[in-house]
Amino acid sequence: FDTIYSDAIVRSSGTAVGGIVGQVNAGSANKMTNCWFAGEVNLITDKAERAGGMVGFVLLDGTKLTIDNCLTSGSISSERASGASNVGGFVGIVDVSAELIIQDSIHTGSFDVDNTNGVGTAIGNVGASSVNITETYGVAGSYKGIGIGKATSGAVALYAEANLKGYEAYED
């Protein structure tokens, strides 16, 4: 994907919701360059989850996604009684053994979610074996300044946080 702009309003009861792409499938290699999401993603039922400003879900083994020179300035909200789950400014969830690279990108969007479970300004939930974020920025006021909402294992969490060295959160 190159040079994509979306100001769509996405209302979904699905489990892979993105401002630009819902799900990147297993075994594929994809790159999003010069993309901008300025719309709204709204999770409308208790089954809705895995939402991201760019991509909702990066799925399983062999999947590689690079997000380069992209901006998310839209909003993600949830009407779920149980709150939001796996919601990120760029990507909702990165599954086990998938690879994610975010570089030279900015998240300035907002979250309107309660009772959260894995909400981060960069990524909602990391189960990936490889996450690398460089020269990427987020507005701390958009959601508590957390780069990664949660990780499914301690080793993954340590690896992901170590590779967040290029991620900086700023107060809005």
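Residues numbered from 1 in each chain as written. Predicted model: local features only at pLDDT ≥ 70, side-chain atom pairs only at ≥ 80, totals over all residues. Heavy atoms only, no water.

I'm lost on the overall build of the protein chain in this one. Help?
Scanning the protein chain for helices and strands turns up one helix and 23 strands. For the protein chain, long-range pairs separated by at least 24 residues make up 83% of all intrachain contacts whose partners lie at least 6 apart in sequence. For the protein chain, the exposed surface amounts to about 7200 Å²; the carbon and sulfur share of it is 48%. (Helix = DSSP H or I, 4+ residues; strand = E, 2+ residues; numbered from the N terminus. Contact = heavy atoms within 4.5 Å. Areas by Shrake-Rupley, 256 points an atom, 1.4 Å probe, with all protein chains shown as cover.)

Explanation requested: the nonpolar core in the structure shown.
Among soluble globular proteins, nonpolar side chains are generally buried collectively. Membership of the largest hydrophobic core comes to 34 residues, with the highest contact counts inside it found for Met32, Met54, Val55, Leu65, Ile67, Val91 and Ile123. Those elements that place two or more of their residues in this core are β4 (21–24), β7 (40–43), β9 (55–58), β10 (64–68), β14 (91–94), β15 (99–103), β19 (123–126) and β20 (130–134). Beyond its immediate chain neighbours, meaning those up to four positions away, valine 55 contacts Val17, Gly18, Val21, Gly22, Val24, Met32, Leu65, Phe90, Val91 and Gly92. (Core = buried A, V, L, I, M, F, W, Y, C linked by side-chain atoms within 4.5 Å. Buried < 20%, exposed > 50% of the residue type's maximum accessible area, 1.4 Å probe, protein only.)

Help me understand the sheet that holds strand β18 (residues 117–120) in this model?
Within a sheet, neighbouring strands are paired by backbone hydrogen bonds and run either parallel or antiparallel to one another. The strand order β3-β8-β13-β18 describes an open sheet built from four strands, whose pairing is parallel. Bordering the open sheet on either side are β3 (17–18) and β18, each of which pairs with just one other strand. Inspection of the sheet shows β3 paired to strand β8 (residues 51–52) by two bridges, in the parallel sense. What sits directly across from glycine 18, in β8, is glycine 52. (Pairing = 2+ DSSP bridges.)

What is the right way to look at the pattern of salt bridges in this model?
Side chains that differ in sign of charge can pair as their charged atoms come close. The final tally for this structure, using the stated rule, is three salt bridges. Measuring nitrogen to oxygen at the nearest pair gives 3.1 Å for the salt bridge that ties arginine 11 to glutamate 79. Residue arginine 11 is located in strand β2 (residues 9–12), and its partner glutamate 79 is located in the loop between β12 (75–78) and β13 (85–88); the two are separated by 68 residues in the primary sequence. Using a relative accessible area of 45% as the deciding quantity, one classes glutamate 79 as partly exposed. (Salt bridge = Lys/Arg side-chain N within 4 Å of Asp/Glu carboxyl O.)

Help me understand the pairing of β9, please; the structure alone is not making it clear to me.
Consecutive side chains of a regular strand alternate in pointing toward one face of the sheet and then the other. Of the pairings in the sheet, the one linking β4 to β9 comprises three bridges and is parallel in character. In the sheet register, valine 24 faces β9, and the bridge partner there is valine 58. Pairing of β9 with β14 involves three bridges; the strand directions are parallel. Paired with phenylalanine 57 across the two strands is isoleucine 93, which belongs to β14.

I'm lost on the packing of aromatic side chains in this one. Help?
Geometrically, a pair of aromatic rings is defined through the distance of the ring centres and the angle of the planes. Per the counting criterion, the structure on display carries one aromatic pair. Seen from their ring centres, tyrosine 5 and tryptophan 36 are 4.9 Å apart, and the 70° between their planes marks the pair as edge-to-face. Of this pair, tyrosine 5 sits in strand β1 (residues 5–6) while tryptophan 36 sits in strand β6 (residues 36–37), and the two are 31 residues apart along the sequence. Of the residues examined, tryptophan 36 reaches a relative accessible area of 38% and is grouped as partly exposed. Here the guanidinium or amino end of arginine 50 rests over the ring plane of phenylalanine 57, the centre of that ring lying 4.5 Å away. (Phe/Tyr/Trp six-rings, centres within 6.5 Å; stacked < 30°, edge-to-face > 60°. Lys NZ or Arg CZ within 6 Å of the ring centre and 35° of its normal.)

How do you make sense of the environment of valine 131 when you look at a structure like this?
With respect to the helices and strands, the residue valine 131 is situated in strand β20. Note on valine 131: relative accessible area 2%, which makes it buried. A C-alpha to C-alpha distance of 9.9 Å links valine 131 and leucine 65, two positions 66 residues apart in sequence.

Sorry if this is basic, but what is going on with the state of the cysteines here?
Cysteine pairs can be covalently joined through their sulfur atoms, and such a bond is termed a disulfide. Enumeration over the complete set of coordinates arrives at zero disulfides. Cysteine cysteine 35 shares no disulfide, and the gap to the nearest cysteine sulfur, in cysteine 70, comes to 4.1 Å. (Disulfide = S-S within 2.5 Å.)

Mind showing me how you'd approach the sheet that holds β10 here?
Sheet architecture is open: four strands sit in the order β5-β10-β15-β20, paired in parallel fashion. Where the open sheet ends on each side, the last strands, each with one partner, are β5 (29–33) and β20. If you compare each strand with its neighbour and ignore which way they point, the axes differ by 5° on average. (Axes fitted to C-alpha atoms, helices over the stretch in contact; angles between N-to-C directions.)

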